[in-house]
Every structure is written in C-alpha cells, then in structure tokens.
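If you want the building blocks of each chain, they are given just below.
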Amino acid sequence: MSKSLQAIRGMNDILPEQTPVWRYFEGTVSRLLDNYGYKQIRMPIVEFTELFKRSIGEVTDIVEKEMYTFEDRNGDSLTLRPEGTAACVRAVLEYGITGGGQVQKLWYIGPMFRHERPQKGRYRQFHQIGLEVFNLDGPDIDAELIVLTWRLWGELGIRDAVKLELNSLGTSESRGRYREALVEYLSAHHDKLDEDSQRRLKTNPLRVLDTKNADTQAVLVDAPKMADYLDDESRAHFEGLKARLDAVGIPYVLNPKLVRGLDYYSKTVFEWVTDKLGAQGTVCAGGRYDGLVEQMGGKPTPGVGFAMGIERLVLLLETLEQIPEEISRQVDVYLCAFGEEAELAGLALAERVRDQLPNLRLQVNAGAGSFKSQFKKADKSGALYALILGDDEMAQQVVGFKPLRGQGEQQSIAWDALAAHLATCVVQG
Ligand code: HAM
C-alpha cells in the first residue's frame, strides 16, 4: 500500500478483536467513577496553542517539542491536545462552574496527541481517562483519588503488578527555595552533568532530578532534598495523605525524585508504575495543581487530578492475562435458516426473542448458504448455541437448539418457548 494511505506512525487503529478489552476496561472505570460520584465532561480535541503553553509550561518537553500545532484557515494557532487538564480547567473557567467555591469532581476520556518517539506503550495518538477535582484542598481528596485507582486495580486483577510512587513538591514558595538550592548545588557540578541536564539547569532545573544519565544521577546523590525544603503546610498535607493511605492499607514508595513532566504541580504528585511493560511503565499519574486555575485567569481554586493511559493498561491486562473470558465472546446465539420460508420465519422469530431478551447477543445468519457453511459461520462467531430452522423445524414450528461448545445434545424447542429457554442457558451481559 502506498505510504500516504497508511495510518500515521504512532497512531493506531484499534481493531475489532481488540475493542472488547478496551470496552471492558472503559466500562469498568466509568462504572467505578459513577459510583464515587464523578461526572463526565467532554472537551474538544483541538484548543488554542496558547492554552497549553500557559498551563503545561513553555519549557517542558511537551510544549517544546511534542505538540501537534498548526495554523487554521483563520490564521489562529491551534494544537491537538497533548493532555486533558488544561482543557478541563479552561472549560470550568469558561462556564463558571467552579465559581464561589463550587466543588467539581470531573472525569474525561479520549485521545491525546504527542509527537514522541513511538515504541511499545508510547504512541503519538494515545488515550487517557483523566479525573480533575476542583475546590477541595485537603489531603482527603488526594487520598480518594489514589484509593479509587487502588480499587480499580483490584477489580481488574492487576494490583500486584503496580506500585505507587509518591512525592510532595510543596507550595510554589517552598519549591522556589528548593529550586534555588538545587541550582546552586548543580551549578557547582556543572561539568559533570550530561548535556540535557546542563540545558535543563537553566530552563527547568527540577527536571534534572529525573534524568536517566548515570553520571548526573551520581551528582544528584548529595544534592539538596526537596523534603528538607517543604513548608509546614505542605508537610502537614503530605502527612495527612500518607496517614489515609496507611489507614486503607495502600502500600507506597516515597520517591523524592518524582517531579513530573508538566509544570503545574504543587504539593502531592504520584505515579502508578509497573515493571511488566518495559520502559513505558507509568500507567497512571497526576497530582495537585493549586496554582493553575489562577494562573489561567481564574480565582484561586485548588485542583487535583490524574490521568491513566488506556493503551498501557490494556497491554498490562493482556500481559497478565487478566481478561475475563466472557468479554471476548460477542455472540451468544447464532441463528441458521435454510430456504426462503425459513429465513422469513427466522427473522420474525429473532425479533420476538430480542423483544423479550434485549441483552441477548443474537446474530442471524446473513447471506444464506449451505448447511455446512452456515454452521461454520455459527462456530466461528464464538456463539454458545446455534438455532436451526430447516424444513422439518418449519413443519413442526420448532427450532433446533444445538450447543456449539460441547454442552449436551441438540434438542427441539417450540418457537413460543424459545426466549424462556434461552434465558435459562445464556448469562446475559
Ligand atoms: P502524563 O503523565 O503526561 O500526565 O500522562 C498521564 C498518563 O498518560 C501516563 O502515565 C501514561 O500512562 C499515559 N501517556 C502519556 N503519554 C503517553 C504516550 N505517548 N503514549 C501512551 N500513553 C501515554 C498528564 O497528562 C496529566 N494531565 C495528568 C493529570 C491530570 N494531572 C493532574 N490531572
């Protein structure tokens, strides 16, 4: 196929055999979020470029080199959203729904775009489910965000494969003091830093902390520690969060080098990481951003949130073989009809059954075909049962009811009794 007719590198189709796992994952998360009282919000995929520059930060990797930015026909600079927090803050401000201290507990789902180097678990179009909470500043809500993800990992059967890393960046004042101390220390060791860290030292010094370079890591061993610069308020907030996680029994690791790649965080930051996916092991990440709304032109409004990467979590479910068997079955019952008269009767019968069992996944054979070919299609569909309508069945007003997965013999069921019979043998979603 010519290159121009292929999908763009790093932007993937999610094929029919993959969508059941996606829907299972998305369904599980959305049910859980409903139960915790979160409401869904849907934002556009494209926003003014300025929005991301102002919120994520001019000197972050995302804004410096990963955004899909273009001019539209009006000459406006627009960008495909690289994340959801900025747009969510823009939306709550635009509609005034956080005004007067109104609490908002929101979630969103959708594609995000970053021009990163594609590899396993890292794509240029990827999907997030994100949560943002506004106007709650205590550690109780930070804890709730973590508790609900912990419950999610439990429901998905992946708790043992993920680890919670936690840090506090403090208020912007305490972070400012820490930044100064760090810059002073790193400047004294400037020659031992890798090139990227030398650059970051000037533009975004905290990001030096998450360098992968061994020499720079060695320099960092004796660097000032963020925890020593936390103000009392941030320290108490962090203690409050840890106490709550301890109360629920959620294990965590304190990672003083966790700084996150977006500039808007303050106080709590966290990441759920796994060692089962190779280099791209962060499946869910977020933190508090108490200054962001004000920075974007609103009244001071505390905020906290996170986003999880759907591709990575789906990969993890697959890697750990934690996909319930029934979700891949898309057909419960497959109806085969032979001859025109049987086809007409079959169609009407199928509709009657659907009236009575709206959740039954009933597929009616299309395209006619011999006994053998229809049977093959029934088997391939993954259905548990085939319904058969041929001359004999038509004469007796019954259907042949044939288990396809080895549970018993074929039997005849009267048309009127079919729905009731199916209700007893098919567990419906
Ligand atoms: P983030 O750490 O940039 O945070 O992304 C969150 C998650 O999205 C990552 O942990 C990862 O699972 C997934 N992800 C990120 N980039 C890619 C990629 N290129 N390919 C596949 N998956 C990816 C944020 O986006 C913040 N908005 C989170 C947040 C919400 N903080 C507060 N509220």
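Residues numbered from 1 in each chain as written. Predicted model: local features only at pLDDT ≥ 70, side-chain atom pairs only at ≥ 80, totals over all residues. Heavy atoms only, no water.

The protein appears in an unreviewed UniProt entry as Histidine--tRNA ligase from Pseudomonas aphyarum. As recorded by UniProt, the Subcellular location (unreviewed entry) comment attached to the protein reads in full: "Cytoplasm". Reading the Catalytic activity (unreviewed entry) entry of the UniProt record for the protein gives the comment "tRNA(His) + L-histidine + ATP = L-histidyl-tRNA(His) + AMP + diphosphate + H(+)". (UniProt positions renumbered as here; feature names shortened; annotations may be inferred.)

I keep staring at the sheet that holds strand β3 (residues 68-71) and nothing clicks. Help me out?
The pairing of strands in a sheet comes from backbone hydrogen bonds and takes either a parallel or an antiparallel form. Strand order in the open sheet formed by three strands is β2-β4-β3, and the pairing between neighbours is antiparallel. Edge strands, defined here as strands with exactly one partner in the open sheet, are β2 (46-48) and β3. Taking each pair of neighbouring strands and ignoring which way they run, the sheet shows an average axis angle of 35°. Direction of pairing for β2 relative to strand β4 (residues 77-80): antiparallel, over a ladder of three bridges. Bridge pairing in β4 links Phe-48 to Leu-78. Docked against the sheet, helix α2 (residues 49-56) engages β2, β3 and β4, running at close to 75° with respect to β2. (Pairing = 2+ DSSP bridges. Helix = DSSP H or I, 4+ residues; strand = E, 2+ residues; numbered from the N terminus. Axes fitted to C-alpha atoms, helices over the stretch in contact; angles between N-to-C directions. Contact = heavy atoms within 4.5 Å.)

Hey, could you run me through the sheet that holds strand β14 (residues 385-389) in this one?
Strand order across the open sheet formed by five strands is β13-β12-β14-β15-β16, with mixed pairing between neighbours. Edge strands, defined here as strands with exactly one partner in the open sheet, are β13 (362-364) and β16 (411-414). Going across the sheet, the axis of each strand differs from the next one's by a mean of 30°, ignoring polarity. Here strand β15 (residues 398-403) pairs with β16 via four bridges, running antiparallel. For Val-399, the partnering residue across the bridge sits in β16 and is Ile-413.

I tried to follow the UniProt feature "domain: Aminoacyl-transfer RNA synthetases class-II family profile" (unreviewed entry) in the protein on my own but got confused; where do I start?
UniProt tags residues 1-358 as "domain: Aminoacyl-transfer RNA synthetases class-II family profile" (unreviewed entry). End C-alpha to end C-alpha, residues 1-358 measures 42 Å, and it is 40% helix and 20% strand.

Sorry, what's going on with the pairing of β15 here?
Residues in a regular strand project their side chains so that they alternate between the two faces of the sheet. Most of β15 sits inside the fold, with five of its six residues counted as buried. As judged from the four bridges shared by β14 and β15, these two strands associate in the antiparallel manner. The residue of β15 that forms the bridge with Ala-386 is Lys-402. (Buried < 20%, exposed > 50% of the residue type's maximum accessible area, 1.4 Å probe, protein only.)

What is the right way to read the pattern of salt bridges from this model?
Once their charged atoms are close, side chains differing in charge can pair, the charge on each being opposite to the other. Enumeration according to the criterion identifies 21 salt bridges in this entry. Between Arg-90 and Glu-94 there is a salt bridge, with its nearest N and O atoms 2.9 Å apart. Of this pair, Arg-90 and Glu-94 both sit in helix α4 (residues 85-94), four residues apart, which is roughly one turn of the helix. Through salt bridges with shared partners, a single network forms among Asp-61, Glu-64, Lys-65, Asp-196, Arg-199 and Arg-200. (Salt bridge = Lys/Arg side-chain N within 4 Å of Asp/Glu carboxyl O.)

How do you make sense of the packing of helix α1 (residues 19-35) against helix α5 (residues 139-156) when you look at a structure like this?
The angle between the axes and the distance between the axes are what describe a pair of packed helices. Interhelical geometry of α1 versus α5 gives an angle of 140° and a closest axis separation of 11 Å. On the basis of the axis angle, α1 is oblique to α5. Both α1 and α5 take part in a crossing whose hand is right-handed. Facing α1, whose interface residues are Tyr-24, Phe-25, Thr-28, Val-29, Arg-31, Leu-32 and Leu-33, α5 presents Leu-148, Arg-151, Leu-152, Glu-155 and Leu-156. (Parallel < 35°, antiparallel > 145°, perpendicular 65-115°, else oblique. Left-handed = near helix turned anticlockwise from the far one by under 90°.)

Quick question: what am I supposed to make of a nonpolar patch on the surface here?
Taken together, the side chains of Ile-45, Val-46 and Phe-70 present a nonpolar region at the surface, about 210 Å² in accessible area. With respect to the helices, strands and loops of the structure, Val-46 is situated in strand β2. Residue Val-46 is classed as partly exposed on the basis of its relative accessible area of 32%. (Patch = residues over 30% accessible without salt bridge, like charges linked within 9 Å, V, L, I, M, F, W, Y side chains within 5 Å. Areas by Shrake-Rupley, 256 points an atom, 1.4 Å probe, with all protein chains shown as cover.)

Would you take a moment to explain the pairing of β3 for this structure?
Pairing between β3 and β4: four bridges, direction antiparallel. Along β4, the bridge assignment pairs Thr-69 with Thr-79. The hairpin formed by β3 and β4 contains five residues between the paired strands, and Gly-75 there has a positive phi angle of roughly 85°.

Would you explain the packing of aromatic side chains in this entry?
Throughout the structure, instances matching the rule amount to ten aromatic pairs. Seen from their ring centres, Tyr-264 and Tyr-289 are 5.7 Å apart, and the 70° between their planes marks the pair as edge-to-face. Taken as a pair, Tyr-264 in the loop between β8 (253-254) and β9 (266-274) and Tyr-289 in the loop between β10 (282-288) and α10 (292-295) lie far apart in primary sequence, 25 residues in all. As far as the burial class goes, Tyr-264 and Tyr-289 line up, both buried. An aromatic cluster is built from Phe-134, Tyr-264, Tyr-265 and Tyr-289, whose rings are joined through pairwise contacts. (Phe/Tyr/Trp six-rings, centres within 6.5 Å; stacked < 30°, edge-to-face > 60°.)

Got a minute to help me understand the side chain of Gln-104 in this structure?
Mapped onto the fold, Gln-104 is located in strand β5 (residues 104-113). Side-chain polar atoms of Gln-104 contact the backbone oxygen of Ile-97, separated by 2.7 Å. Each residue touching Gln-104, except ones within four places of it in the same chain, is listed here: Ile-97, Thr-98, Glu-132, Val-133 and Phe-134. (Polar contact = N/O pair within 3.5 Å; in protein donor to acceptor, adjacent residues only side chain to side chain.)

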